[in-house]
Amino acid sequence: MKNFTQFESLALGQELIDLAKSYKNDSRKDISKGIGKRVGCIFLNPSLRTRVSTQIAAQNLGMEPIVLNMDKEGWALEMKDGEVMNKGTVEHIKDAAGVLGTYFDVLAIRAFPTLTQKNEDTEDFVLNQFIRHSGIPIVSLESAIRHPLQSLADMITMKENTPSGKRPKVVLTWAPHIKAIPHAVANSFSEWALGMEYDLTITHPEGYELDEKFTKGATLEYDQSKALQDADFVYVKNWSSFNDYGKIHSTDPSWMLTEAHLSKAPDAKVMHCLPVRRNLELSDEILDSDRSLVQRQAENRIYAAQAVLSKIIG
Ligand code: CP
């Protein structure tokens, strides 16, 4: 595995889940594996979980993580080839990524979408510029269209909470939000859940259809109460419109998950990648109940990142 930017195969997904679970049992068992190696964690956007869990994961392998908040502390980057740089940008991605490629063994990048330039976002332009110009392995810390480390942690969490031999019903439900939110978590969750052969239903108001590239094979159900019936896992997430790119079409509060919504899914566990806007996306009563797996998901981010880094440097 050279880069980790998306779901690749059931076999690799299973291998990474098993490796992550082994690190959860003994986080320092490969402490000497990464000695002498550095991972650069490059953030073009804010983060709590991804920033900290990736550093802990690297340290558990004996690697040295160095974080650069490039949006605040680096030079303003020019991403487009052939530009005359006579405006606000100071350094070209070709030069910056080339330099970082000589400083590190692995680069991990967070680069959110613009939510205004649909073509640029859907081709994951910024992440691909880093891949093109750094010359070293790249780990996505959430790109314009995917958040694979989150999804790997989500798959680990579902596996831990599924009785052996059962194929659970998984529901991805849209939730209200006041801001235009990227599609990356929802896309990636769908891509991984389908890739790992879960029974996936996606529910959202009309107009919030995700890019079919990520959802082909899932059941689409516009009636949230029908979708939630007999669910084993309910993944709650807001995203903005994909077809009317980056726009908010609804903030309907009736889509916020409460206990009443789960009357026909008595055993459902509830998931969210965090950060969550309480009582807007998801109710306190759910988040603070035994149904909630959100803290387990966040904890598993460490072991997901550790498995990925271990596989790349190994
Ligand atoms: N879930 C997640 O990626 O959290 P952060 O944005 O805080 O890293």
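Residues numbered from 1 in each chain as written. Predicted model: local features only at pLDDT ≥ 70, side-chain atom pairs only at ≥ 80, totals over all residues. Heavy atoms only, no water.

As annotated in an unreviewed UniProt entry, the protein is N-succinylornithine carbamoyltransferase from Algoriphagus formosus. Per its UniProt entry, the protein bears the Subunit (unreviewed entry) comment "Homotrimer." Word for word, the UniProt comment on the protein under Function (unreviewed entry) is "Catalyzes the transfer of the carbamoyl group from carbamoyl phosphate to the delta-amino group of N(2)-succinyl-L-ornithine to produce N(2)-succinyl-L-citrulline. Is essential for arginine biosynthesis." (UniProt positions renumbered as here; feature names shortened; annotations may be inferred.)

Caption draft 1: Seen up close, the overall build of the protein. For the protein, the helix and strand inventory stands at 12 helices and 11 strands. In terms of overall dimensions, the protein is globule-like: its C-alpha atoms have a radius of gyration of 19 Å, near the 20 Å expected for 314 residues. In terms of overall dimensions, the protein has C-alpha extents of about 55 × 50 × 30 Å along its principal axes. Relative to its full complement of 314 residues, the protein shows a buried share of 56%. Of all intrachain contacts in the protein linking residues separated by at least 6 positions in sequence, the fraction that spans at least 24 positions is 79%. (Helix = DSSP H or I, 4+ residues; strand = E, 2+ residues; numbered from the N terminus. Rg over C-alpha atoms; globule rule 2.2 N^0.38 Å. Buried < 20%, exposed > 50% of the residue type's maximum accessible area, 1.4 Å probe, protein only. Contact = heavy atoms within 4.5 Å.)

Caption draft 2: Structural detail: the side chain of Lys237. Examined against the element boundaries, Lys237 turns out to sit in strand β10 (residues 233–237). Glu281 is the oppositely charged side chain nearest to the buried, salt-bridge-free Lys237, at an N-O distance of 5.0 Å. Look past the residues within four positions of Lys237 in its chain and what remains in contact with it is Leu172, Thr173, Trp174, Ala175, Ile181, Val185 and Cys273. (Lys, Arg positive; Asp, Glu negative; His and termini not counted. Salt bridge = Lys/Arg side-chain N within 4 Å of Asp/Glu carboxyl O.)

Caption draft 3: Looking closely at unusual backbone geometry. Each neighbour pair has its own omega, and for Leu274 with Pro275 the value is 5°, a cis peptide bond. Here the phi dihedral of Leu274 falls at roughly 65°; this positive angle occurs in a residue that is not glycine. Among the structural elements, Leu274 can be located in the loop between β11 (269–271) and α11 (284–287). On the basis of relative accessible area, Leu274 is assigned to the buried category, the value being 14%. Look at Asn279: it is not a glycine, yet its phi comes out positive at around 65°. The partly exposed category is assigned to Asn279, whose relative accessible area is 43%.

Caption draft 4: The pattern of salt bridges, seen in detail. Scanning the model with the defined rule gives 12 salt bridges in all. When the shortest N-O distance is used, the salt bridge between Glu120 and Lys80 registers 3.4 Å. Here Glu120, found in helix α5 (residues 118–122), pairs with Lys80, found in the loop between β3 (77–78) and β4 (91–92); they are 40 residues apart in sequence, far enough to count as distant. In this structure Lys80 comes out as partly exposed when scored by relative accessible area, which is 40%. The salt bridge involving Glu142 is made with Arg110; its shortest N-O contact spans 3.4 Å.

Caption draft 5: Focus on the layout of surface pockets. By volume, the largest pocket is sized at about 460 Å³. What lines the largest pocket is a set of 24 residues, among which Phe112, Glu142, Lys237, Leu274 and Pro275 lie closest to the centre. Of the residues assigned to the lining of the largest pocket, the class counts are 11 nonpolar, six polar and seven charged. Two domains share the lining of the largest pocket, each providing at least three of its residues, namely domain 1 (10–146 + 300–313) and domain 2 (162–292). (1 Å grid on protein atoms, 1.4 Å probe; cavity = no way out; pocket = protein on both sides within 12 Å on 5 of 7 lines; lining within 4 Å. Points joined across faces, edges and corners; volume = space filled by probe spheres on them. Nonpolar A, V, L, I, M, F, W, Y, C, P; charged D, E, K, R; others polar. Domains from an automatic or database assignment.)

Caption draft 6: Structural context of helix α6 (residues 125–134). With respect to burial, α6 is a largely interior element, seven of its 10 residues being buried. Along α6, the residues classified as buried are Phe125, Val126, Leu127, Gln129, Phe130, His133 and Ser134. Looking one or two places after α6, you find Gly135, whose phi comes out positive at around 75°.

Caption draft 7: Molecular detail of the pairing of strand β7 (residues 169–174). Counted residue by residue, β7 has six buried out of six residues, so it is predominantly covered. Alternating positions in β7 separate into two faces, Lys169, Val171 and Thr173 on one and Val170, Leu172 and Trp174 on the other, with burial throughout. In this view, the connection linking β7 to its parallel neighbour strand β8 (residues 199–203) by way of helix α8 (residues 184–195) has right-handed handedness. Across five bridges, β7 lies against β10 in parallel orientation. Its bridge partner being in β10, Val170 is matched across the sheet by Phe233. (Right-handed = clockwise from strand over helix to strand, strands pointing away. Pairing = 2+ DSSP bridges.)

Caption draft 8: A look at the environment of Asp18. With respect to the helices and strands, Asp18 occurs in helix α1 (residues 10–25). Note on Asp18: relative accessible area 41%, which makes it partly exposed. Here the alpha-carbon distance between Asp18 and Leu262, two residues 244 residues apart in the chain, equals 31 Å.

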